[in-house]
Amino acid sequence: MSGQLFKSLEKFRKQRALSILKVCKEIGCNNVTYHRWKKSKQIIGPYKKIVEEFLDKSEPRPQHPAAIPSDIAVIGIACYYPGASNVKELWENILARRVQFRRILDQRLPLKDYYNEDPKFPDKSYLTKAAFIDGFEFNWSKLRIPKKTFESTDIVHWLALDTALKAFENAGYHPNKIPLQNTGVILGNTLTGEQTRSLTLRLRWPYVQKTLNATLESFGIADEEKKRLSEAMEKVYKSAFFPITEDSLSGGLANTIAGRICNYLNLKGGGYVVDGACSSSLLAIATAANALKNGDLDIALAGGVDISLDPFELVGFSKAGALAKDKMCVYDRSASGFIPGEGCGFVILKRLEDAVRDGNYIYAVVKGWGISSDGKGGIMEPSASGQALAIERAYKKVPYRITDINFIEGHGTGTAKGDRVELEGIATAIAKEAPKDLKRIYGITSFKSIVGHTKAAAGIGGFIKAVLAVNQRILPPTANCRQPNEIFEGAGKCLYPVTQGIVLNSEEPVRGGISSAGFGGINCHIAIESKDQPKQELKPAVDERALLVSNQETEVFVFASQTVSLLRNLIGKFKDDLRFISQAEMADLGARRTK
């Protein structure tokens, strides 16, 4: 990286016909130092940052017109969701409706300690399934992150940084090539991660100690024995947590996630976190689009991250009756709640005219965005009129009507009331532009149907899904919608759930909308449109039409053995192995066993 930096400095000097002495004067170094760099072909030490900033400030800034067009290009994408460590894997999972729900792992939430089928049972949850990210490893040594900093920082920070670097790479920006001054980071997050709460538990030891001593005293335990037991318990209690260091505070806050990305890449455009509950990451997209439109940023990294699945949330959601007891069925008559999930996703955004000028590949174009609040009502009660308002505001900014779209990627949580209210809101917005007798014209789909509700990372997940859909010219499917909600036959008759997916005409523009809604009554909607030809690197190995019809909910496994006893043992072991795999992995296992 330091070698590349010197090459950039020399290129700059020669392009402007500057002498070495002139450059040295600008940088604040002497002639000898420069020739030392020239001989070793690298810049090291404190001058490295000085040279980076000098080159960045010297870059010509685009001259923005008085009225900046609002079209925003999506030029880079990266993500990490359950069952998908990259964008191509995610797209294949979407097409094949690969559902990622699995039994909750003991390492995340021991069901023997927290499960109770009664939703009203104190401090317990009736949830048994979730969708987990699997296999993520952060290479702190490669990125030159101190080990102590890595261990003292919530893993949500490192997942966000790792995914952000991949998003820039996908957009064609090497870390040394990112324009620093006007590049910013806006991301959605709500409750940091679970490590933050675990460190809080460590610091609650004095209360635990008092409780222990009071209990021992009630049993008449002598003071000397109480002290011995307390000291032993303290060692065991604190052994599960990393010690508190100078990095723990900054590493445990949500608001420093964006700052950490800016810090690592030396970005100067500003970085902050948006917390709009389940709307957080879609709000981050809208906020970034505004910053680009206003000329405050030239490049924006926008998205969200959420890997928080701890008892506080799961027990809380259980008491609210928001979680599914069994299957998560979105836009379905049997919808009864959601299954939670984890995820992280980012996109690189740029003004469309700048992206075209710079020759960037454009996945899709953001045409408009709208934000609204529900106003008066319950803090957790969704509002059809509030959600319709966000949609209407979005389409006031685009050169076409909402009736010209191909589909809407909905919020789709799978709760009975949430789904009904959302469909009513969408239908209300469409009804103002379309004839009332239209039936089954606009498809609706939900990303959550395969990965669950990833909360602060849900909006960006839906946005990425919709971007990939318009890019590949495919109407994306929804999983687990067997008996469509009755509202599709009434107030929402202009809508229909996309249950299998459709390959569209690649010669015509494909348009989609993305909706999100969060606690507190915050709503967001974004309108997008296709631009460049479909990205070939996203094409799955199997034809898209085959993937769209490949989904199955059952799998047949054939066993054979020499004796009944051996067969029973074989099946018993197999059942144990199946206990924690996801629904999608069942098909994979069946395929492997047939080989």
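Scroll up to find the structure this text is about.
A brief look at the structure comes next. What you see as residue numbers is a count from 1 along each chain, following the sequence as written. Where local features are concerned, this predicted model is filtered to residues with pLDDT of at least 70; where side-chain atom pairs are given and counted, the filter is 80 or more; whole-chain, interface and lining totals use all residues. Calculated side-chain values reflect all of the structure's heavy atoms, with hydrogen atoms and water omitted.

### Looking at the overall build of the protein chain
(1) Moving on: The numbering of helices and of strands both runs from the N terminus, where a helix is a DSSP run of H or I of at least 4 residues and a strand a run of E of at least 2. Of regular secondary structure, the protein chain possesses 23 helices and 15 strands.
(2) Moving on: With the radius of gyration taken over C-alpha atoms, the globule rule is written as 2.2 Å times the number of residues to the power 0.38. Here the protein chain has a C-alpha radius of gyration of 27 Å; the compact-globule value for 595 residues is 25 Å, and the two agree.
(3) Moving on: Summarising its shape, the C-alpha atoms of the protein chain cover approximately 85 × 80 × 65 Å along the three principal directions.
(4) Moving on: Exposure is judged per residue with a 1.4 Å probe applied to protein chains only, and the accessible area is read against the type maximum: over 50% gives exposed, under 20% gives buried, and values in between give partly exposed. Going through the 595 residues of the protein chain one by one, you find that 52% of them count as buried.
(5) Moving on: Contacts are assigned to residue pairs that have any heavy atoms within 4.5 Å of one another. By sequence separation, contacts in the protein chain at least 24 residues apart represent 80% of the contacts at least 6 residues apart.

### So, the environment of L143
(1) Moving on: Here L143 shows up in the loop between β3 (129-130) and α7 (147-152).
(2) Moving on: Residue classification places L143 among the buried residues on the basis of a relative accessible area of 18%.
(3) Moving on: Sequence separation of L143 and D162 is 19 residues, and the distance between their C-alpha atoms is 9.6 Å.
(4) Moving on: Once you skip the residues sitting within four places of it in the chain, L143 turns out to touch F138, L165 and Y264.

### Things to note about the side chain of E422
(1) Moving on: Mapped onto the elements, E422 comes out in helix α18 (residues 416-431).
(2) Moving on: Notably, E422 is buried but unbridged: the nearest opposite-charge side chain belongs to K448, and the N-O separation is 7.2 Å. This count recognises Lys and Arg as positive and Asp and Glu as negative, with His and chain-terminal groups excluded. Here, a salt bridge means any side-chain nitrogen of Lys or Arg that lies within 4 Å of a carboxyl oxygen of Asp or Glu.

### What about the packing of aromatic side chains?
(1) Moving on: Each pair of aromatic rings taken from Phe, Tyr and Trp, with Trp reduced to its six-membered ring, is defined by centres within 6.5 Å and is described as stacked if the planes are under 30 degrees apart, edge-to-face if over 60, and tilted in the remaining cases. Summed over the entire model, instances satisfying the criterion amount to 18 aromatic pairs.
(2) Moving on: With 6.0 Å between their ring centres and 20 degrees between their planes, F138 and F150 make a pair best called stacked. With F138 in the loop between β3 and α7 and F150 in helix α7, this pair connects stretches of sequence that are 12 residues apart. Taken as a pair, F138 and F150 share a single burial class, namely buried.
(3) Moving on: Centre to centre, the rings of F138 and W158 are 4.9 Å apart; their planes meet at 20 degrees, and the pair counts as stacked. Placement of F138 in the loop between β3 and α7 and of W158 in helix α8 (residues 155-170) is noted, with a sequence separation of 20 residues between them.
(4) Moving on: The buried category is assigned to F138, whose relative accessible area is 9%.
(5) Moving on: Look at W158 and you get buried, because its relative accessible area is 1%.
(6) Moving on: Taken together through their ring pairs, the aromatic side chains of F6, Y34, W37 and Y47 make up a single cluster.
(7) Moving on: Should the NZ of a Lys or the CZ of an Arg lie within 6 Å of a ring centre and within 35 degrees of the ring normal, that charge is described as sitting over the ring. Taking the ring centre of Y126 as reference, the NZ or CZ of K325 above it sits at 5.6 Å.

### Here we look at helix α15 (residues 311-319)
(1) Moving on: Within the span of α15, buried status applies to E313, L314, V315, F317 and S318.
(2) Moving on: Looking at the buried side of α15, the elements it contacts are α9 (194-202).
(3) Moving on: Residue G321 follows α15 closely and has a positive phi angle near 70 degrees.

### Observations concerning unusual backbone geometry
(1) Moving on: Of note in this structure, A277 is not a glycine but carries a positive phi near 55 degrees.
(2) Moving on: Here A277 shows up in the loop between β5 (271-274) and α14 (280-293).
(3) Moving on: Given a relative accessible area of 17%, A277 falls into the buried group.
(4) Moving on: Although it is not a glycine, R473 sits at a positive phi angle of roughly 60 degrees.
(5) Moving on: Mapped onto the elements, R473 comes out in the loop between α20 (458-472) and β11 (474-475).
(6) Moving on: R473 sits in the buried class, given a relative accessible area of 3%.

### Quick notes on the nonpolar core
(1) Moving on: The nonpolar core is taken to be a set of buried Ala, Val, Leu, Ile, Met, Phe, Trp, Tyr and Cys residues, with the residues joined through side-chain atoms within 4.5 Å. Of all hydrophobic cores here, the largest spans 103 residues; its most connected members are L349, F463 and I526.
(2) Moving on: Ranked by residues supplied to this core, first place goes to α14 with nine residues.
(3) Moving on: Beyond its immediate sequence surroundings of up to four residues, I526 is in contact with L282, I285, A286, V366, G368, W369, F463, G512, G513 and I514.
(4) Moving on: Within the second largest apolar cluster, 42 residues are counted, among which are L180, L187, I261 and L265.

### Things to note about the sheet that holds strand β15 (residues 522-529)
The strands making up a sheet are joined through hydrogen bonds of the backbone, oriented either antiparallel or parallel.
(1) Moving on: Taken in spatial order, the 11 strands make up an open sheet running β5-β4-β6-β7-β1-β8-β15-β14-β9-β10-β12, and their pairing is mixed. The open sheet terminates on both sides in strands that have one partner only, identified here as β5 and β12 (495-497). In this sheet, neighbouring strand axes are inclined to one another by 25 degrees on average, regardless of whether the strands run parallel or antiparallel.
(2) Moving on: By the bridge criterion, eight bridges tie strand β6 (residues 299-306) to strand β7 (residues 343-351) in an arrangement that is antiparallel. For G304, the partnering residue across the bridge sits in β7 and is G345.
(3) Moving on: To obtain an axis, a line is fitted to C-alpha atoms, over the contacting stretch when the element is a helix, and the angle between two such axes runs from 0 to 180 degrees between their N-to-C directions. Each of β4 (183-188), β5, β6 and β7 is contacted by helix α13 (residues 256-265), which is oriented at about 150 degrees to β4, the strand it contacts most.
(4) Moving on: The sheet contacts of helix α17 (residues 384-395) involve β8 (364-373), β14 (511-518) and β15, and relative to β8 the element is tilted by about 140 degrees. Strand pairing follows a simple DSSP-based rule, namely that at least 2 bridges must link the two strands.

### Considering the pattern of salt bridges
(1) Moving on: Evaluation of the coordinates by the stated rule reveals 33 salt bridges.
(2) Moving on: Across the pair R351 and D298 runs a salt bridge, and its minimum N-O distance is 2.5 Å. Of the two residues, R351 sits in strand β7 while D298 sits in the loop between α14 and β6, which places them 53 residues apart along the sequence. Per residue, the accessibility class of R351 equals that of D298, and both read buried.
(3) Moving on: Across the pair D354 and R357 runs a salt bridge, and its minimum N-O distance is 3.3 Å. Highlighted residues: D354 and R357, both in helix α16 (residues 352-358), separated by three residues, approximately one helical turn.
(4) Moving on: Salt bridges sharing common partners tie together D298, K350, R351, D354, R357 and D358.

### Observations regarding helix α23 (residues 583-593)
(1) Moving on: All of the buried residues in α23 are A584, L589 and G590.
(2) Moving on: Those residues of α23 that are buried are in contact with α22 (564-578).

### What to know about the state of the cysteines
(1) Moving on: For this text, the term disulfide refers to a pair of cysteine sulfurs within 2.5 Å. Applying the stated rule across the entire model yields zero disulfides.
(2) Moving on: Its sulfur unpaired, C278 is 13 Å from the next cysteine sulfur, which belongs to C524.
(3) Moving on: With no disulfide of its own, C494 has C481 as its nearest cysteine by sulfur position, at a separation of 16 Å.
(4) Moving on: Its relative accessible area of 9% is what places C494 among the buried residues.

### Looking at a nonpolar patch on the surface
(1) Moving on: Like-charged residues within 9 Å of one another, or nonpolar side chains (Val, Leu, Ile, Met, Phe, Trp, Tyr) within 5 Å, are grouped into patches, provided each residue has over 30% relative accessible area and no salt bridge. Only the protein chains shown count as cover for residues, and all accessible areas are computed by the Shrake-Rupley method using a 1.4 Å probe. Together, I379, M380 and F519 make up an exposed nonpolar region whose accessible area comes to about 320 Å².
(2) Moving on: Position of F519 relative to the elements: it lies in the loop between β14 and β15.
(3) Moving on: F519 gets classed as partly exposed once you look at its relative accessible area, which sits at 41%.

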